[in-house]
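Letter by letter, the chains look like this.
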Amino acid sequence: MNAALWIVAGLLAAVFLFSGLGKLFVPRERMAAMAGAARWVLDFEPGTLKAIGALEILGAAGLILPALLGTAPFLVPPAAGGLAVIMTGAVILRVRRRETTAALLDGGYLALTAFVAVGRWALEPFTG
(Lines give C-alpha, C1' and ligand atoms only; values in the text may rest on other atoms or scores of the structure.)
Protein backbone atom coordinates (compact mmCIF):
# COMPACT_ATOMS: atom_id res chain seq x y z
CA MET A 1 0.00 0.00 0.00
CA ASN A 2 2.83 2.38 0.86
CA ALA A 3 4.43 1.92 -2.57
CA ALA A 4 1.12 2.43 -4.35
CA LEU A 5 0.47 5.64 -2.41
CA TRP A 6 3.95 6.96 -3.23
CA ILE A 7 3.52 6.17 -6.93
CA VAL A 8 0.08 7.73 -7.17
CA ALA A 9 1.19 10.78 -5.18
CA GLY A 10 4.22 11.22 -7.42
CA LEU A 11 2.18 11.00 -10.61
CA LEU A 12 -0.43 13.39 -9.24
CA ALA A 13 2.29 15.81 -8.14
CA ALA A 14 3.67 15.88 -11.69
CA VAL A 15 0.21 16.41 -13.21
CA PHE A 16 -0.74 19.20 -10.83
CA LEU A 17 2.67 20.86 -11.05
CA PHE A 18 2.50 21.12 -14.85
CA SER A 19 -1.17 22.09 -14.78
CA GLY A 20 -0.54 24.78 -12.19
CA LEU A 21 2.47 26.18 -14.06
CA GLY A 22 0.35 26.40 -17.20
CA LYS A 23 -2.35 28.33 -15.40
CA LEU A 24 0.23 30.69 -13.92
CA PHE A 25 2.29 31.43 -17.01
CA VAL A 26 0.23 30.74 -20.15
CA PRO A 27 -2.26 33.47 -21.11
CA ARG A 28 -5.80 32.17 -20.89
CA GLU A 29 -6.58 32.97 -24.55
CA ARG A 30 -3.60 30.90 -25.65
CA MET A 31 -4.56 28.10 -23.26
CA ALA A 32 -8.14 28.09 -24.60
CA ALA A 33 -6.84 27.79 -28.17
CA MET A 34 -4.69 24.72 -27.31
CA ALA A 35 -7.61 22.29 -27.07
CA GLY A 36 -11.37 22.30 -27.10
CA ALA A 37 -11.47 20.97 -23.55
CA ALA A 38 -9.46 23.99 -22.37
CA ARG A 39 -12.07 26.58 -23.37
CA TRP A 40 -13.37 26.60 -19.81
CA VAL A 41 -10.56 29.00 -18.88
CA LEU A 42 -12.41 31.79 -20.70
CA ASP A 43 -15.14 31.54 -18.04
CA PHE A 44 -12.69 32.80 -15.39
CA GLU A 45 -10.72 35.97 -14.83
CA PRO A 46 -6.92 35.71 -15.25
CA GLY A 47 -6.43 36.30 -11.52
CA THR A 48 -8.72 33.42 -10.65
CA LEU A 49 -6.82 31.10 -12.99
CA LYS A 50 -3.53 32.17 -11.42
CA ALA A 51 -4.94 31.46 -7.97
CA ILE A 52 -6.07 27.99 -9.06
CA GLY A 53 -2.63 27.40 -10.59
CA ALA A 54 -0.86 28.49 -7.42
CA LEU A 55 -3.06 26.19 -5.32
CA GLU A 56 -2.32 23.29 -7.67
CA ILE A 57 1.42 23.90 -7.35
CA LEU A 58 1.19 24.10 -3.56
CA GLY A 59 -0.89 20.93 -3.53
CA ALA A 60 1.64 19.14 -5.74
CA ALA A 61 4.45 20.13 -3.39
CA GLY A 62 2.33 19.08 -0.40
CA LEU A 63 1.85 15.59 -1.81
CA ILE A 64 5.57 14.85 -1.87
CA LEU A 65 7.86 17.27 -0.05
CA PRO A 66 6.66 16.98 3.57
CA ALA A 67 7.06 13.20 3.59
CA LEU A 68 10.20 13.18 1.46
CA LEU A 69 11.93 15.69 3.71
CA GLY A 70 10.49 14.14 6.86
CA THR A 71 9.65 17.54 8.30
CA ALA A 72 5.86 17.54 8.37
CA PRO A 73 4.45 14.37 6.78
CA PHE A 74 1.10 15.02 8.46
CA LEU A 75 0.53 17.67 5.75
CA VAL A 76 0.21 15.08 2.96
CA PRO A 77 -3.44 14.08 3.65
CA PRO A 78 -4.67 17.70 3.81
CA ALA A 79 -2.78 18.52 0.59
CA ALA A 80 -4.42 15.57 -1.16
CA GLY A 81 -7.79 16.59 0.30
CA GLY A 82 -7.34 20.13 -0.97
CA LEU A 83 -6.58 18.84 -4.46
CA ALA A 84 -9.67 16.63 -4.20
CA VAL A 85 -11.74 19.75 -3.50
CA ILE A 86 -10.24 21.46 -6.56
CA MET A 87 -11.05 18.41 -8.68
CA THR A 88 -14.60 18.29 -7.31
CA GLY A 89 -15.04 21.82 -8.63
CA ALA A 90 -13.53 20.75 -11.95
CA VAL A 91 -15.95 17.86 -12.29
CA ILE A 92 -18.91 20.12 -11.50
CA LEU A 93 -17.70 22.64 -14.08
CA ARG A 94 -17.29 19.94 -16.74
CA VAL A 95 -20.75 18.49 -16.06
CA ARG A 96 -22.35 21.92 -16.30
CA ARG A 97 -20.55 22.50 -19.61
CA ARG A 98 -21.66 19.03 -20.82
CA GLU A 99 -18.04 17.94 -21.35
CA THR A 100 -18.53 14.28 -20.47
CA THR A 101 -15.10 12.97 -21.43
CA ALA A 102 -13.29 15.72 -19.56
CA ALA A 103 -15.60 15.22 -16.57
CA LEU A 104 -14.66 11.54 -16.47
CA LEU A 105 -10.95 12.36 -16.65
CA ASP A 106 -11.28 14.94 -13.88
CA GLY A 107 -13.30 12.39 -11.90
CA GLY A 108 -10.37 10.00 -12.22
CA TYR A 109 -8.04 12.63 -10.78
CA LEU A 110 -10.58 13.23 -8.02
CA ALA A 111 -10.60 9.52 -7.19
CA LEU A 112 -6.80 9.37 -7.12
CA THR A 113 -6.47 12.42 -4.87
CA ALA A 114 -9.10 10.95 -2.54
CA PHE A 115 -7.18 7.65 -2.55
CA VAL A 116 -4.00 9.43 -1.41
CA ALA A 117 -5.89 11.48 1.20
CA VAL A 118 -7.61 8.45 2.72
CA GLY A 119 -4.56 6.26 2.28
CA ARG A 120 -2.23 8.62 4.09
CA TRP A 121 -4.82 9.53 6.71
CA ALA A 122 -6.02 6.05 7.69
CA LEU A 123 -4.59 3.16 5.68
CA GLU A 124 -0.86 3.86 5.65
CA PRO A 125 -0.11 7.08 7.57
CA PHE A 126 3.45 8.35 7.87
CA THR A 127 3.08 9.02 11.58
CA GLY A 128 2.24 5.41 12.47
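Procedures and definitions
Every chain begins its residue count from 1, and numbering advances along the sequence as written. Predicted model: local features are reported for residues with pLDDT of at least 70 only, side-chain atom pairs are reported and counted for 80 or more only, and whole-chain, interface and lining totals are derived from all residues. Side-chain measures here rest on the full set of heavy atoms in the structure, leaving out hydrogens and waters. A pocket, in this scheme, is an open set of points on a 1 Å grid over the protein atoms alone with protein on both sides within 12 Å along at least 5 of 7 lines, while a cavity is a set where a 1.4 Å probe fits but cannot get out; residues line either one if an atom lies within 4 Å of a point. Grid points are joined across faces, edges and corners, and a volume is the space filled by probe spheres set on the points. Secondary structure elements are taken from DSSP: a helix is a run of H or I of four residues or more, a strand is a run of E of two residues or more, and numbering for both begins at the N terminus. Under the scheme applied, nonpolar residues are Ala, Val, Leu, Ile, Met, Phe, Trp, Tyr, Cys and Pro; charged residues are Asp, Glu, Lys and Arg; polar residues are all the others, including Gly. Under this scheme, a helix contributes an axis fitted over its contacting stretch, all axes are lines through C-alpha atoms, and angles between N-to-C directions fall in the 0 to 180 degree range. Our angle categories are set so that under 35 degrees counts as roughly parallel, over 145 as roughly antiparallel, 65 to 115 as roughly perpendicular, and the remainder as oblique. Crossing handedness is defined as follows: a turn of the near helix away from the far one that is anticlockwise and smaller than a right angle gives a left-handed crossing, while the clockwise case is right-handed. Note on contacts: a residue pair is in contact if any heavy atoms of the two residues lie within 4.5 Å. Salt bridge, as used here, is a side-chain nitrogen of Lys or Arg placed within 4 Å of a carboxyl oxygen of Asp or Glu. Relative accessibility decides the category of a residue: with a 1.4 Å probe and only protein chains considered, values under 20% of the type maximum give buried, values over 50% give exposed, and everything between is partly exposed. Each patch is built from residues that are more than 30% exposed by relative accessible area and take part in no salt bridge. Like charges join if they lie within 9 Å; nonpolar side chains (Val, Leu, Ile, Met, Phe, Trp, Tyr) join within 5 Å. Here the accessible surface of atoms and residues is derived via Shrake-Rupley with a 1.4 Å probe, and residues count as covered only by protein chains that are part of the display. Residue types Ala, Val, Leu, Ile, Met, Phe, Trp, Tyr and Cys, when buried and joined through side-chain atoms within 4.5 Å, form a set referred to as a nonpolar core.

## Topic: the layout of surface pockets
What the largest pocket holds in volume is close to 680 Å³. Ser 19, Lys 23, Trp 40, Glu 56 and Arg 94 are the residues nearest the centre of the largest pocket, which is lined by 28 residues in total. Secondary structure elements with two or more residues in the lining of the largest pocket: α1 (2-25), α2 (28-34), α3 (46-69), α4 (76-96) and α5 (100-123). Here the lining of the largest pocket gets seven residues from one element, more than from any other, and that element is α4. Across the lining of the largest pocket, the residue classes break down as 21 nonpolar, three polar and four charged.

## With respect to the packing of α1 against α5
α5 packs onto α1 with a crossing angle of 135° between their chain directions and a minimal axis gap of 10 Å. Considering their axes alone, α1 and α5 lie oblique with respect to each other. Pair α1 / α5 crosses with left-handed handedness. In this structure, α1 uses Asn 2, Ala 4, Leu 5, Trp 6, Val 8, Ala 9, Leu 12, Val 15 and Phe 16 to contact α5, whose residues at the interface are Tyr 109, Leu 112, Thr 113, Phe 115, Val 116, Gly 119 and Arg 120. Class assignment of the residues belonging to the contact of α1 with α5 gives a composition of 12 nonpolar, three polar and one charged.

## Section: the pattern of salt bridges
According to the stated counting rule, one finds six salt bridges in the structure shown. Its salt-bridge partner being Arg 94, residue Glu 99 comes within 2.6 Å of it at the nearest N-O pair. Summarising the burial analysis for this pair, Glu 99 and Arg 94 share the class buried. Through salt bridges with shared partners, a single ionic network connects Asp 43, Arg 94, Arg 97, Glu 99 and Asp 106.

## As for a nonpolar patch on the surface
Nonpolar side chains collect at one region of the surface, where Leu 17, Phe 18, Leu 21 and Phe 25 lie side by side and expose about 440 Å² of accessible area between them. With respect to the secondary-structure elements, Phe 18 resides in helix α1. For Phe 18, a relative accessible area of 62% puts it in the exposed group.

## Looking at the environment of Pro 77
Note that Pro 77 resides in helix α4. Since its relative accessible area comes to 9%, Pro 77 is described here as buried. On a C-alpha basis, the gap between Pro 77 and Phe 126 in space is 9.9 Å, while along the polypeptide they are 49 residues apart. Excluding residues within four positions of it along the chain, Pro 77 makes contact with Ala 117, Arg 120 and Trp 121.

## As for the nonpolar core
Burial of nonpolar side chains together is a common tendency in soluble globular proteins. Membership of the largest hydrophobic core comes to 16 residues, with the highest contact counts inside it found for Leu 12, Phe 16, Leu 63 and Val 116. Elements with a contribution of two residues or more to this core: α1, α3, α4 and α5. Residues in contact with Leu 63, not counting those within four places in the same chain, are Ala 9, Leu 12, Ala 13, Val 76, Ala 79, Ala 80, Leu 83 and Val 116. Counting residues in hydrophobic clusters, the runner-up holds six residues, among them Trp 40, Val 41, Leu 49 and Leu 93.

No statement about biological role is implied by the geometric values presented.
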